[in-house]
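# Descriptive analysis of the structure
Listed below are the residues making up each chain.
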2 protein chains.
Amino acid sequence: MITSKDVAKLAGVSHTTVSRAFRGDAKIKPETYQRIMNVSKELGYSPNRIASSLRQKNTKTIGLIISHGFNPLFLKITHRIETELAIHGYHLLISFDDGDSDKQWNIIQSLAAGQVNVIIFTPLIHSTADHNRLYSLIQHSPIRFIQLISNPFEDITSFYFDDNYGSYLGTRHLLSNGHNRILMIGGINRVEGYEKAYQESELTPPIKFSDLTGSTEEASYHNIKEALLKEKPTAVFSVSEPLSYITYQVLSDLAMQIPSDISFLSFDDERWLQLLHISAIGHPVQALSNVIVREILSYETSDSEVYPSSTSFKPFLIERNSVLPNNKQ
Amino acid sequence: MITSKDVAKLAGVSHTTVSRAFRGDAKIKPETYQRIMNVSKELGYSPNRIASSLRQKNTKTIGLIISHGFNPLFLKITHRIETELAIHGYHLLISFDDGDSDKQWNIIQSLAAGQVNVIIFTPLIHSTADHNRLYSLIQHSPIRFIQLISNPFEDITSFYFDDNYGSYLGTRHLLSNGHNRILMIGGINRVEGYEKAYQESELTPPIKFSDLTGSTEEASYHNIKEALLKEKPTAVFSVSEPLSYITYQVLSDLAMQIPSDISFLSFDDERWLQLLHISAIGHPVQALSNVIVREILSYETSDSEVYPSSTSFKPFLIERNSVLPNNKQ
DNA sequence: CTGAAAGCGCTTACAG
DNA sequence: CTGAAAGCGCTTACAG
């Protein structure tokens, strides 16, 4: 391994000067600087970041924990964040917890041991014990935590999409197209926006919100099929991309044509939805990613206290061809 | 920051002993061990991995560079590799080069400065200069390099899918269904398998291979449309997932029904292809990922020389409902 | 503009 | 079974 001392010897300076040259630190005589750089290139030297991190007590490394490894949304966020962060000399350590809170806990411990500056994650809390150990760790850790997508901890900085606004937007779109019998499929946490849209129209939802939180794929498939057959909705609104995928399968297996037999709206946009001209509620992924990067960069200067903030982004409606005005009733 | 010295003081031992306790190193009196662990838990101490890495000259960190940030295939590989590696105490630093060879070069420099053990990447070579600087770096670096998916460097370990076998398999499948007029769309590097399948059937391809390497999405769209209209194939075989996506759009815009109007086969499997019952050539992603992990773990023991190896995996045919026997001619 | 010394938090011989 | 010392490769005062 080539160290600053090797360079120093060949360039006829001290390793202190080599270090300074690489950091553009204090003024160095231009000739000296050039000599150091030439020797370094020749030897293939670059400063050991591990040593530098240890000394400076700053790794310039961010830990990102992904809970839904299959969801392309996170690929996009990861891509964006890494690219921006890299420009500013940061590095990204990535881990997958597969939705398992114990696994997430271990990953956090490991990232902490790795002295990352920041941990970006979607807190997984299945019990108060989960909650407490996480909360206590976060309180005592010198690491900054950023909650992504969800935000169970109120006093910890979070960035997420306003899901209720999204479900409001979607429901309103369906209602304004004359659909009263809407089958909502998905996470109960999005029920508010749906109800709000009905209230605004001075209507009451004739069909019960179909809560599929925590259901397996198979169970979801059957629930959706049953609800579709029983409730005879004129429109379906599935409230996450994975559920949209299953819903499309059911519709297809039931030989129900979109949009002639039934209107279909998806929460979360995805490539296949675009391909099939299915209207969707999209998320400003890039805006969210950018703001996270800015937050992280802001930690560099604000040395001490950082006040927690919550930032939510509004989803938007992407009209394609899966929602038709309803003439049926 | 809590260090081993803090723990040592409270536990009434030396920090050397604390270090040993955490590494399960030499034998430590059970009581001493317990005391150390109790104190550590109380203080929330865990060994600083940066310091440990510096001292041991081993970061247990792998750098993964992703060239096609949009391709879900790499998400799968990343997920799998990270999960397996984590079990063995390794960490994953991820970067995106967006297909830009200079960016890739910078990332490699940065990963090297970060003392990663291994760099997994798809070499991006657009000129002999690209080739030479990469090759020279790899030769002189203490880091192990693993070529992923493609392998321009013969004497550097690589893991990839046998693309020509895949295109052979697909072409054969189409031919055996009576399709002679096959429109092949995609990377010219897959032409061999296609020709081999024709040869085996003692046929000559009536339609020219449509090489779209380096085309923009828009250009590809128009090329495919034109070829489809001009050549009147009975089957299309698009030789990468992004091209399958575009091909599907063209087919859809041309109102050509799959499989009644035309048979369709996709290289690279993806969720939306499954949803639409489109037959595909799949890749054993998990097998590839596992073997990469095993390779990395093997570096732990084999201290000195590692002999470069090439490992390719055979793609397989996934029959769904997009290929129909051809009765047209 | 440059250098010698100290130290970041560990681990590794060496010694007992 | 445990400790004191040295050192990993840097950076940071301190001094000149």
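Here, residues in each chain are numbered from 1, in the same order as that chain's written sequence. Key to labels: chains lettered from A, ligands numbered from 1, both in the order written. A pLDDT threshold of at least 70 governs which residues receive local features in this predicted model, and a stricter bar of 80 or more applies before side-chain atom pairs are shown or counted, although totals over entire chains, interfaces and linings include all residues. Values shown for side chains rest on all heavy atoms present in the structure; no hydrogens or waters enter the calculation.

Per an unreviewed UniProt entry, the recorded name for chain A is LacI family transcriptional regulator, and the organism is Anaerocolumna chitinilytica.

### Focus: the overall build of chain A
What counts is decided by this rule: Here a helix means four or more residues in a row that DSSP labels H or I, a strand means two or more in a row labelled E, and each is numbered from the N terminus. Every radius of gyration here is taken over C-alpha atoms, with the globule rule written as 2.2 Å times N^0.38, N being the number of residues. Each residue is placed in one exposure class: buried if its accessible area under a 1.4 Å probe, protein chains only, is under 20% of its type's maximum, exposed if it is over 50%, and partly exposed if it falls in between. Any pair of residues with heavy atoms lying within 4.5 Å of one another is described as a contacting pair. Accessible areas in this description were obtained via Shrake-Rupley with a 1.4 Å probe; residue shielding takes into account the shown protein chains only. We score Asp and Glu as negative and Lys and Arg as positive, and we do not count His or the chain ends. We put the charge of a Lys on NZ, of an Arg on CZ, of an Asp on CG and of a Glu on CD.
When helices and strands are tallied, chain A shows 13 helices and 12 strands. Scaling as 2.2 N^0.38, a compact globule of 329 residues should have a C-alpha radius of gyration of about 20 Å, whereas chain A reaches 26 Å, well beyond that. Referenced to the eigenvectors of the C-alpha coordinate spread, the extents of chain A come out at roughly 90 × 40 × 35 Å. In chain A, which comprises 329 residues, the share counted as buried stands at 51%. Taking the contacts inside chain A whose residues are at least 6 apart along the sequence as the reference set, 71% of them involve residues at least 24 apart. Surface exposure of chain A reaches about 15,600 Å², of which carbon and sulfur atoms provide 50%. Charge separation in chain A, taken as the distance between the mean sites of 30 positive and 35 negative side-chain charges, equals 10 Å.

### A word on the protein's contact with DNA strand D
For clarity, the threshold we go by: Whether a residue is near a molecule or strand is decided by its heavy atoms; if any one of them lies within 4 Å of it, the residue is near. Counting of polar contacts relies on pairs of N or O atoms within 3.5 Å, with two restrictions inside protein: one atom must be capable of donating a hydrogen and the other of accepting it, and residues adjacent in sequence are counted only when both atoms are side-chain atoms.
Surveying the vicinity of DNA strand D reveals 27 residues, the closest of which are Ser19 and Arg55 of chain A together with Arg20, Lys27 and Lys57 of chain B. When the atoms of DNA strand D within 4 Å of the protein are sorted by group, sugar and phosphate make up 64%. Between DNA strand D and Asn48 of chain A, the relevant distance is 3.3 Å, taken from a sugar or linking oxygen to a main-chain nitrogen or oxygen of the residue. Between DNA strand D and Lys57 of chain B, the relevant distance is 2.2 Å, taken from a phosphate oxygen to a side-chain nitrogen or oxygen of the residue. For the surface near DNA strand D, the secondary structure elements donating two or more residues are α2 (15-23) and α4 (49-56) of chain A together with α2 (15-23) and α4 (49-56) of chain B. Of the residues forming the surface near DNA strand D, the biggest block, 5 residues, is contributed by α2 of chain A.

### A word on the domain arrangement of chain A
Counted only if it meets this: Domain start and end points were adopted from an automatic or database domain assignment.
Assigned domains of chain A: these are domain 1 (4-47), domain 2 (59-161 + 285-312) and domain 3 (163-283). Its C-alpha centre places domain 1 of chain A at a distance of 37 Å from the equivalent point of domain 2 of chain A.

### Considering the protein's contact with DNA strand C
Threshold: Residues were grouped as follows: Ala, Val, Leu, Ile, Met, Phe, Trp, Tyr, Cys and Pro as nonpolar; Asp, Glu, Lys and Arg as charged; and all remaining residues, including Gly, as polar.
Within the structure, DNA strand C sits among 27 residues, and Arg20, Lys27 and Lys57 of chain A together with Ser19 and Arg55 of chain B are positioned closest to it. Residue Asn48 of chain B places a main-chain N or O atom 3.3 Å away from a sugar or linking oxygen belonging to DNA strand C. Elements supplying a minimum of two residues to the surface near DNA strand C: α2 and α4 of chain A together with α2 and α4 of chain B. The biggest single contributor to the surface near DNA strand C is α2 of chain B, with 5 residues. Here the residues of the surface near DNA strand C sort into 7 nonpolar, 12 polar and 8 charged.

### Quick word on the relation of the copies chain A and chain B
Just so we agree on the cut-off: We superpose the copies by least squares over the C-alpha atoms of residues that have a pLDDT of at least 70 in both of them.
Structural alignment of chain A on chain B gives an RMSD of 0.1 Å, achieved by rotating through 180° and translating 0.0 Å along the axis. This pairing of chains is accounted for by a two-fold axis. Of the C-alpha atoms belonging to chain A, the one lying closest to the rotation axis is found on Leu93 of chain A, 2.2 Å away. Comparing contact sets, 100% of the residues at the interface of chain A also lie at the interface in chain B, consistent with an isologous, same-surface contact.

### Brief notes about the sheet that holds strand β8 (residues 235-238) of chain B
Strand pairing in a sheet is mediated by backbone hydrogen bonds. Such pairs are either parallel or antiparallel. Test applied: By the convention used here, strands pair only if DSSP detects at least 2 bridges between them.
Across the sheet, 6 strands lie side by side as β7-β6-β8-β9-β10-β12 (chain B); this open sheet has mixed pairing. The strands lining the two open edges of the sheet, one partner per strand, are β7 (210-211) and β12 (316-318) of chain B.

### Focus on the interface of chain A and chain B
Going by this rule: Summed over both partners, the accessible area (1.4 Å probe) lost when two parts come together is defined as the buried area. The salt bridge definition used is simple: a Lys or Arg side-chain nitrogen within 4 Å of an Asp or Glu carboxyl oxygen.
Between chain A and chain B, the contact holds 43 residues from the first and 43 residues from the second. Together, the buried faces of chain A and chain B total about 4,000 Å²; carbon and sulfur atoms form 61% of this surface. For chain A, the biggest contributors to the area lost against chain B are Ile50, Arg271 and Leu275 of chain A; these three give 18% of the whole. If you look at where chain A meets chain B, you find 2 salt bridges. For the salt bridge of Glu241 of chain A with Arg271 of chain B, the shortest nitrogen-to-oxygen distance reads 3.0 Å. Summed over the shared surface of chain A and chain B, the number is 18 residue pairs in polar contact (both at pLDDT 80 or more). Every element with two or more residues in the side of chain A that touches chain B is listed here: α4, α5 (72-87), β2 (91-96), α6 (101-113), α11 (241-253) and α12 (271-275) of chain A. When grouped by side-chain class, the residues that make up the side of chain A that touches chain B number 18 nonpolar, 18 polar and 7 charged.

### Overview of the pattern of salt bridges
All names here are of chain A. Tallied over the full model, the rule gives 22 salt bridges over all chains. A salt bridge links Arg133 to Asp130, with the nearest nitrogen and oxygen atoms 3.5 Å apart. Here the residue Arg133 and the residue Asp130 both occupy positions in helix α7 (residues 128-140), the gap between them amounting to 3 residues, near one helical turn. With a relative accessible area of 8%, Asp130 lands in the buried category. Through salt bridges with shared partners, a single network forms among Asp102, Asp130 and Arg133.

### Comments concerning unusual backbone geometry
Along the chain, Ile258 of chain A connects to Pro259 of chain A via a cis peptide bond; the corresponding omega equals 0°. In this structure, Pro259 of chain A sits in the loop between α11 and β9 (263-267). Unlike most non-glycine residues, Gln115 of chain B shows phi in positive territory, near 60°. Among the structural elements, Gln115 of chain B can be located in the loop between α6 (101-113) and β3 (118-121). In this structure, Glu202 of chain B is a non-glycine residue whose phi angle is positive, near 55°.

### A closer look at the packing of helix α10 (residues 217-231) of chain A against α11 of chain A
All names here are of chain A. The following threshold applies: In this analysis, axes come from line fits to C-alpha atoms, helices being fitted only over the stretch in contact, and the angle between any two N-to-C directions falls in the range 0 to 180 degrees. Just so you know how the angles are binned, under 35 degrees is roughly parallel, over 145 roughly antiparallel, 65 to 115 roughly perpendicular, and the rest oblique. Note: crossing handedness is left-handed where the near helix turns anticlockwise from the far helix by less than a right angle, and right-handed where it turns clockwise.
Running from N to C, α10 and α11 point in directions that differ by 55°, and their axes come no closer than 9 Å. In terms of orientation, α10 and α11 fall into the oblique class. Handedness of the α10/α11 crossing: right-handed. Here Glu217, Ser220, Tyr221, Ile224, Lys225 and Leu228 of α10 come into contact with α11, specifically with Leu243, Ile246, Thr247, Gln249, Val250, Leu251 and Asp253. Each residue belonging to the contact of α10 with α11 can be placed in one class, and the counts come to 7 nonpolar, 3 polar and 3 charged.

### Focus: the pairing of strand β10 (residues 279-282) of chain A
Residues and elements named next belong to chain A. Covered by surrounding structure in β10 are Ser279 and Ile281 together with Ala280 and Gly282, the residues of both alternating faces. Sheet analysis places β9 next to β10, joined by 3 bridges and oriented parallel. Residue pairing in the sheet places Phe267 in a bridge with Ile281 of β10. The pairing of β10 with strand β12 (residues 316-318) spans 3 bridges and is classified as antiparallel. Bridge pairing links Ile281 to Leu317 in β12.

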